[in-house]
Amino acid sequence: SVKAVMICGENGKFSAGADIKGFSSPKRRGIALGPIVSLIERSEKPVVAAIEGVALGGGLEVALGCHYRIAHVKARMGLPEVTIGLLPGAEGTQRLPRLVGVPAALDMITTGKVLCLVIPPAWPKTHEFLLPMYLPDVDALFCNSIFLPPGQPLGPRRLSLKPVPKLPNMEAFLSEALVKVKKQAHGCLAPELCFQAVKAATEQPFADGVRREQELFNVLLTSGQAQALQYAFFAERAVQKWTTPSGASWKISDSVSLLSLGLGTMGRGIVTSLVKAKIPVVALEQDLEYLNMGRKAVMFLLEREAMKMEQGAQTLDFHNPARLQFTVDFDVLRDVDLVIEAVFENMALKKEIFHKLSRICKPGAFLCTNTSALNINEIASATSRPQQVIGTHFFSPAHVMKLLEIIYGHHTSPTTIATAMQLAKVLKKVGVVVGNCFGFAGNRMMFPYAQQAVFLLEEGSRPEAVDQVIEDFGFRIGPFRMSDLAGLDVGTPARQRHGHRYSPLPDLLCENGRFGQKTGKGWYQYEKAGGRTAKPDPWLHSFLSQYRDTHRIKTRFIDQEEILERCLFSLINEGFDILAEGIASGPEHLDVIYINGYGWPKHRGGPMFYASTVGLSRILAKLQKYSEAHPDVPGLQPSAFLKKLVAMGNPPLKEWMSYLSRPNNKL
Ligand SMILES: CCCCCCCCCCCCC[C@H](O)CC(=O)SCCNC(=O)CCNC(=O)[C@H](O)C(C)(C)COP(=O)(O)OP(=O)(O)OC[C@H]1O[C@@H](n2cnc3c(N)ncnc32)[C@H](O)[C@@H]1OP(=O)(O)O
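For the structure given in this document, a descriptive report is provided here. Nothing here was measured: the structure is a model prediction, and the numbers come from that model. (Residues numbered from 1 in each chain as written. Predicted model: local features only at pLDDT ≥ 70, side-chain atom pairs only at ≥ 80, totals over all residues.)

1. Remarks on the overall build of the protein chain
- Secondary structure summary: the protein chain contains 26 helices and 17 strands in total.
- Counting the 667 residues in the protein chain, one finds 45% classified as buried. (Helix = DSSP H or I, 4+ residues; strand = E, 2+ residues; numbered from the N terminus. Buried ≥ 20, exposed ≤ 12 C-beta atoms within 10 Å, placed from the backbone.)

The following block contains the structure:
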């Protein structure tokens, strides 16, 4: 007597797919979702997927096995398996191309993008894939009347029986698509295997395509990359759950106004990201000329962001002074709830400004400083409210980069930390709370890495060789290309200083007018000042030879293994010191920082996860070897905490912190 079956989720959500934890569980059992989806599709009774909330991964694959799909206007759908190192393994790579065509299916499956419904102008309107309809309107009657004219056979509704829509130039399209997928993958395996599975749909009958999908799925399931990406998925969520023991929190609502002080590169990005998050913001500069320059730059960024968004300009509403205001009048400080200072990295200037802020701002206002290395306690000491002072280290470009490093000082209150975490959430950034030390967690780990890269040049390598190794590892950009991009005059780096090895190379390049991309030459040469295409530079090669001759450094061939190990192991080594000092609450925090702020390849799970996969004993042995060869480089001397973990038998990463004898977090 059943006329039709409707599958829906509970609590406003269809399904987020398979339980990701299950993939790495030792008790993993082969629960095959594909045959269940096939069974649904073979049903003689019509089956409708009623999608509300999310239909992701295996959830969407179930919907693809149904004969009809209807979706709530706010539904989000996608096959994000690639982002956790897998591919849709329940026949989704074979059904989706049959439904939406190869180009759209490839795009969804190889990127994992999650789609929202685009409501057509003449809504309501039917569409093969997405029929926008509010769920309350859906009932059995609706199913009968709209979908099931009496006697209509279900055959044409079964996707597995449909051919994959042909393209006039399928072969050429696929080879071009493969080049694009490989280029964007940066060494991650899953996008290419996703591609192969979809390609199989274009070449083989459905059943054979499914077999190919299963083979490829199993390759990924057992790969280290899938484990790394799934670790990163949970690590990102765990660090954001950070709370103070008192459970302090503070909600940023529409009635809160924020002020960004300083409209240089960082200030402009910060204002843009606040406006994007629809927080009322006042942008303050010290002088009218800088204000006007800053205003122009912010407006340019906002126009560009609005163009990327559906109905962006109206939504952002940035011409409305209630939303965004520019001023040189410090009196506006009296009314704002939170200030983000983003002036130059100069302690004296910052202290002067914080003294002023503390005098003018209302008593409850929070004072954030955007700094990448300066001492939060010293800045806070210039105020009468150190408990409300906190570091918010944005990454450039601030309206794009996801990381917000949040630094608490000696006196910072839990409420202030909770406020900064809430700010990160509202800005759709990943907030990671760390303690106060020079460079905090991220840059502190970056220093030994950058230092090793320069030492390798002194000893015989070239910028292009070092960058190549690091980029082959999966970083978007190697240390020298990064240095040229940021400018050689930005950053810290006599061959000996305080008894430790030090390289003057970056300074010498600056003295030769080589500041990086902005001057058209740095570690590389560029087509013009401001150019982007790095070319190896014979001038630099001969400069390096002369430098080695002057300092009597014997040039030697340095292989890829040494380049990689000296750069990455020194960075990881610093990470162990940071954990031991309680600057970060756990290895996941450092991994999330590196993935979201420094371009560490996510499929390697972050530096500390990577260390756990390489094996701590191996890292220790290599550091010992390199530090014996370079006794004047402290960054290569193995961390005591690393040594302890090796002595304890190399415990799994989630147990590392339990080997520290004192509580690692003052909060
Ligand atoms: C039992 C398995 C055995 C395997 C044997 C092999 C047999 C082969 C079978 C093949 C079948 C393949 C099926 C399919 O192709 C594979 C998949 O479906 S993989 C999963 C794909 N889905 C996703 O990647 C979705 C990931 N989740 C999200 O994108 C987001 O979480 C969300 C759903 C959009 C919700 O976002 P938010 O509202 O912001 O909330 P959070 O992100 O904070 O999440 C809340 C809470 O839920 C946890 N969570 C979310 N999704 C999953 C998930 N799929 N599995 C497990 N846990 C999930 C998340 O971690 C949070 O948990 P908390 O931190 O609060 O503990």
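2. Remarks on the pairing of strand E12 (residues 366-369)
- Burial along E12 is two-sided: Phe 366 and Cys 368 and Leu 367 and Thr 369, pointing in opposite directions, are all buried.
- For the handedness criterion, the β-α-β arrangement of strand E11 (residues 338-341), helix H14 (residues 347-360) and E12 is classed as right-handed.
- Here E12 runs beside strand E13 (residues 389-394); their pairing, made up of three bridges, is parallel. Looking across to E13, one finds that Leu 367 is bridged to Val 389. (Right-handed = clockwise from strand over helix to strand, strands pointing away. Pairing = 2+ DSSP bridges.)

3. Considering the site of the ligand
- Around the ligand there are 28 residues in total, and Gly 17, Gly 22, Gly 57, Gly 58 and Gly 89 lie nearest to it.
- Looking at the shell around the ligand, the elements that each hand over two or more residues are helix H1 (20-23), strand E3 (54-56), helix H3 (58-65) and helix H10 (224-240).
- Residues of the shell around the ligand, tallied by class, amount to 15 nonpolar, six polar and seven charged. (Near = placed C-beta within 6 Å. Nonpolar A, V, L, I, M, F, W, Y, C, P; charged D, E, K, R; others polar.)

4. Describing the sheet that holds strand E10 (residues 324-327)
- A sheet is described by the order of its strands in space; here eight strands give the open sequence E10-E9-E8-E11-E12-E13-E14-E15, paired in mixed fashion. Among the strands making up the open sheet, the edge pair consists of E10 and strand E15 (430-434). Neighbour to neighbour, the strand axes of the sheet diverge by 25° on average, direction disregarded.
- Relative to strand E9 (residues 281-284), strand E8 (residues 258-261) runs parallel, the two sharing four bridges. Looking at the pairing, Leu 259 lines up with Val 282 of E9. (Axes fitted to C-alpha atoms, helices over the stretch in contact; angles between N-to-C directions.)

5. Considerations on the pairing of strand E14 (residues 403-407)
- Extensive coverage of E14 is indicated by the burial of five of its five residues.
- The alternating pattern of E14 places Leu 403, Glu 405 and Ile 407 on one face and Leu 404 and Ile 406 on the opposite face, and all of these are buried.
- By the bridge criterion, four bridges tie E13 to E14 in an arrangement that is antiparallel. Counted as the bridge partner of Phe 394 is Leu 404 from E14.
- As defined by bridge partners, E14 adjoins E15 across five bridges and the pair is classed as parallel. Bridge pairing in E15 links Glu 405 to Val 432.
- Note on the crossover from E14 through helix H16 (residues 414-426) to E15: the handedness is right-handed.

6. Considerations on the packing of helix H25 (residues 616-629) against helix H26 (residues 640-647)
- In the contact formed by H25 and H26, the axes pass within 9 Å of each other and the chain directions differ by 135°. Considered as vectors, H25 and H26 are oriented oblique to each other. In this structure, the crossing between H25 and H26 has a hand that is left-handed. Residue-level inspection shows Leu 616, Ser 617, Ile 619 and Leu 620 of H25 in contact with H26, the latter providing Leu 642, Lys 643, Leu 645 and Val 646.
- Tallied by class, the residues present in the contact of H25 with H26 amount to six nonpolar, one polar and one charged. (Parallel < 35°, antiparallel > 145°, perpendicular 65-115°, else oblique. Left-handed = near helix turned anticlockwise from the far one by under 90°. Contact = placed C-beta atoms within 7 Å.)

7. Considerations on the nonpolar core
- Formed by 175 residues in total, the largest nonpolar core has its most connected members in Ile 51, Leu 87, Ile 109, Val 281, Val 339 and Ile 406.
- The element best represented in this core is helix H22 (residues 560-580), accounting for 10 residues.
- For Ile 109, the contacting residues outside a window of four places in its chain are Leu 79, Val 82, Leu 87, Pro 88, Thr 93, Leu 96, Cys 194 and Val 198. (Core = buried A, V, L, I, M, F, W, Y, C linked by C-beta atoms within 7 Å.)

8. Structural notes on the packing of H10 against helix H23 (residues 587-597)
- Put simply, H10 and H23 touch, their axes get as near as 9 Å, and they point 105° apart. Our classification of the angle between H10 and H23 gives roughly perpendicular. The residues of H23 that touch H10, namely those facing Ala 232, Ala 235, Glu 236, Ala 238 and Val 239, are Glu 588, His 589, Asp 591, Val 592 and Ile 595.
- Class assignment of the residues belonging to the contact of H10 with H23 gives a composition of six nonpolar, one polar and three charged.

9. Quick look at unusual backbone geometry
- Between Ser 396 and Pro 397 the backbone carries a cis peptide bond, its omega angle lying at -10°.
- With respect to the helices, strands and loops of the structure, Pro 397 is situated in the loop between E13 and E14.
- Positive phi values are uncommon outside glycine, yet Glu 91 reaches one of about 75°.
- Note on placement: Glu 91 falls in the loop between strand E5 (76-78) and helix H4 (92-100).
- By the C-beta count within 10 Å, which is 28 here, Glu 91 ends up buried.
- Unusually for a residue other than glycine, His 186 sits at a positive phi of about 45°.

10. Some points on the sheet that holds strand E6 (residues 114-116)
- The strand order across the open sheet built from three strands is E3-E5-E6, with neighbouring strands paired in mixed fashion. On the outer flanks of this sheet lie E3 and E6, each paired with one strand and no other. The average angle at which neighbouring strand axes cross in this sheet is 20°, direction not considered.
- When E5 meets E6, the two strands line up antiparallel, connected through three bridges. Bridging across to E6, Arg 76 finds its partner in Cys 116.
- Those strands touched by H3 are E3 and E5, and its axis lies near 90° from that of E3.

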